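Read off the chains here:
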Amino acid sequence: MQQPALDHILISIIVPIYNVEAFLPQCIDSLLAQTHPNIEIILVDDGSPDRSGQICDRYAAAHANIRVIHKPNGGLSSARNAGIDAAKGAYIGFVDSDDFVSETMFRSLLEAAVLHNAQIVACGRYLTDEEGTVTAQAFTLDRPKFYPTKDAMREILVSGQLDVAAWDKLYLAEVFDGIRFPEGEINEDAAIIFNLLDRASGVVHIGAAMYYYRCRSGSITKSGYKPNKIQALEHAEQIQAFLADRYPELAPCCQQYLAYTCCHQLSLLLKDPVAMNAYRNHYKQYIRHLDRNFVSLLTSPNIRKTWKIQSLLMVFRLYRLVYTLLR
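As the structure is a computational prediction, the values presented were derived from the model and not from experiment.

Sorry if this is basic, but what is going on with the overall build of the protein chain here?
Helices and strands together make up the secondary structure of the protein chain, namely 13 helices and 10 strands. By the compact-globule yardstick of 20 Å for 327 residues, the protein chain fits well, its C-alpha radius of gyration being 20 Å. With the principal axes as the frame, the protein chain shows a C-alpha extent of 60 × 45 × 35 Å. A burial count over the protein chain gives 54% of its 327 residues as buried. A fraction of 78% describes how many contacts in the protein chain between residues 6 or more apart in sequence connect residues 24 or more apart. When the accessible surface of the protein chain is split by element, carbon and sulfur atoms take 52% of a total near 14700 Å². Side chains of the protein chain carry 32 positive and 35 negative charges; the gap between the two charge centres is 8 Å.

In this structure, what is going on with the packing of helix α8 (residues 230–246) against helix α11 (residues 280–298)? I would like to understand it.
The axes of two packed helices give the description: the angle between them and the distance between them. Where α8 meets α11, the closest approach of the two axes is 11 Å, and the angle between their N-to-C directions is 40°. Classified by the angle their axes make, α8 and α11 are oblique. When the axes of α8 and α11 are compared, the crossing they make is left-handed. Every residue of α11 that contacts α8 at Ile230, Leu233 and Glu237 is listed here: His282, Gln285, Tyr286 and His289. For the contact of α8 with α11, a count of residues per class yields 3 nonpolar, 3 polar and 1 charged.

Help me understand the nonpolar core in this model?
One broad trend across soluble globular proteins is that nonpolar side chains are buried collectively. With 108 residues, the main nonpolar core has Phe94, Phe106, Phe176, Phe194, Leu243 and Leu290 as its most contacted residues. Top contributing element to this core by residue count: helix α9 (residues 251–269), with 10 residues. Look past the residues within four positions of phenylalanine 194 in its chain and what remains in contact with it is Met153, Ile156, Leu157, Ile239, Phe242 and Leu243.

What's the story with the side chain of serine 78 in this structure? I'm lost.
Topologically, serine 78 is positioned in helix α4 (residues 76–86). When its relative accessible area of 9% is taken as the criterion, serine 78 is described as buried.

I'm lost on the state of the cysteines in this one. Help?
Chemically, a disulfide is nothing more than a covalent bond linking the sulfur atoms of two cysteines. On inspection of all chains with the given rule, the structure shows 0 disulfides. This cysteine, cysteine 123, is not joined by any disulfide, and cysteine 27 carries the nearest cysteine sulfur, 14 Å off. For cysteine 123, a relative accessible area of 1% puts it in the buried group. There is no disulfide at cysteine 262, and the cysteine sulfur nearest it, in cysteine 263, is 8.7 Å away.

Please clarify how the packing of α8 against α9 should be interpreted in this entry.
Here α8 crosses α9 at 175°, and the two axes come no closer than 9 Å. Between α8 and α9, the interaxial angle falls into the category roughly antiparallel. Contacts from Ala232, Leu233, Ala236, Glu237, Ile239, Gln240 and Leu243 of α8 reach α9 at Cys254, Gln255, Tyr257, Leu258, Thr261, Cys262 and Gln265. For the contact of α8 with α9, the class distribution of residues is 9 nonpolar, 4 polar and 1 charged.

Which parts of the structure should I look at to understand unusual backbone geometry?
Among all residues except glycine, the phi angle is most often negative; among peptide bonds, the trans geometry is most common. Unlike most non-glycine residues, serine 159 shows phi in positive territory, near 60°. Along the chain, the position of serine 159 falls in the loop between α6 (149–157) and β9 (169–172). For serine 159, a relative accessible area of 31% corresponds to the partly exposed category. Even without being glycine, arginine 317 reaches a positive phi, approximately 60°.

What should I look at first to understand the pairing of strand β2 (residues 39–46) in this one?
Across the 8 residues that make up β2, a large majority, 8, are buried. Note that strand β1 (residues 11–17) and β2 share 7 bridges and pair parallel. Residue isoleucine 11 lies in a different strand from β2, and its bridge partner there is isoleucine 39. The parallel pair β1 and β2, bridged by helix α2 (residues 24–32), forms a crossover whose chirality is right-handed. Two strands pair when backbone bridges link them, and β2 and strand β3 (residues 66–71) are joined in this way by 6 bridges, in the parallel orientation. Bridging across to β3, aspartate 45 finds its partner in histidine 70. A crossover links β2 with its parallel partner β3, the connecting element being helix α3 (residues 52–62), and its sense is right-handed.

The rules behind these values
Residues numbered from 1 in each chain as written. Predicted model: local features only at pLDDT ≥ 70, side-chain atom pairs only at ≥ 80, totals over all residues. Heavy atoms only, no water. Helix = DSSP H or I, 4+ residues; strand = E, 2+ residues; numbered from the N terminus. Rg over C-alpha atoms; globule rule 2.2 N^0.38 Å. Buried < 20%, exposed > 50% of the residue type's maximum accessible area, 1.4 Å probe, protein only. Contact = heavy atoms within 4.5 Å. Areas by Shrake-Rupley, 256 points an atom, 1.4 Å probe, with all protein chains shown as cover. Lys, Arg positive; Asp, Glu negative; His and termini not counted. Charge placed at Lys NZ, Arg CZ, Asp CG, Glu CD. Axes fitted to C-alpha atoms, helices over the stretch in contact; angles between N-to-C directions. Parallel < 35°, antiparallel > 145°, perpendicular 65-115°, else oblique. Left-handed = near helix turned anticlockwise from the far one by under 90°. Nonpolar A, V, L, I, M, F, W, Y, C, P; charged D, E, K, R; others polar. Core = buried A, V, L, I, M, F, W, Y, C linked by side-chain atoms within 4.5 Å. Disulfide = S-S within 2.5 Å. Pairing = 2+ DSSP bridges. Right-handed = clockwise from strand over helix to strand, strands pointing away.

Next up, the structure:
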């Protein structure tokens, strides 16, 4: 397809925003710098108590391709869903408001989508510190690669070269027909990614890192154990049930995904005696699944040795003792 034809394809970029005034300008500036000329930026102010809403309005007043949605606080899923409902583009992308992107990210993803007639395209990511300085790369490849649907699902389940994250991808808008993020829940990306993949012929990974993921100490993914963390296990069980009939050959991969999810949550829960006492029923659910499936972690080439050791300590009920002694 010729370049002018690509230029006419509208991409909707949805940015859910809550209490990120320190990082928001860098995020929006990186979207305004995109080399693709036909982009609408949908800023969803999710009832932010700081000045994020005013920052959004200031940018919208200066740039015709920015739209702002102000809504009562409903959480990340609610904000993303509001953006999806308002999107006019043929393709949809997501950027978290404390992150930023390469200026060529969405053009590169679109070119790959059109070239391969792909409904979902992914890129690698840079990991940065709180100041935005790059510290590492993740989910990168030496060259672009196409993963058929089943292979793409396998990569996510076994911690391979694809991830559940919504924000490192570009989607044909049609794949979201009738699908929305679950509101009031965490781990929302995992809750719908397999439903989206089931509608696609596969995923094209362009290989290069294009997304800058800011690692913040206060973020949801870095926080300690909270009772809503059990939703990660619930989603893993839902994924297992969803794939059981459609892709039964992925059952061993589902077992590994379930075991890794439980191992990760247990590593948070077992470090917190107060939470451990309050949510002992959560512990019982996690450890039951890990006991059944931990071998899948030990035999996986994609799971780091530290996680394998932790899983063994958990299975033999030694994790809390070792953690206490080492601390």
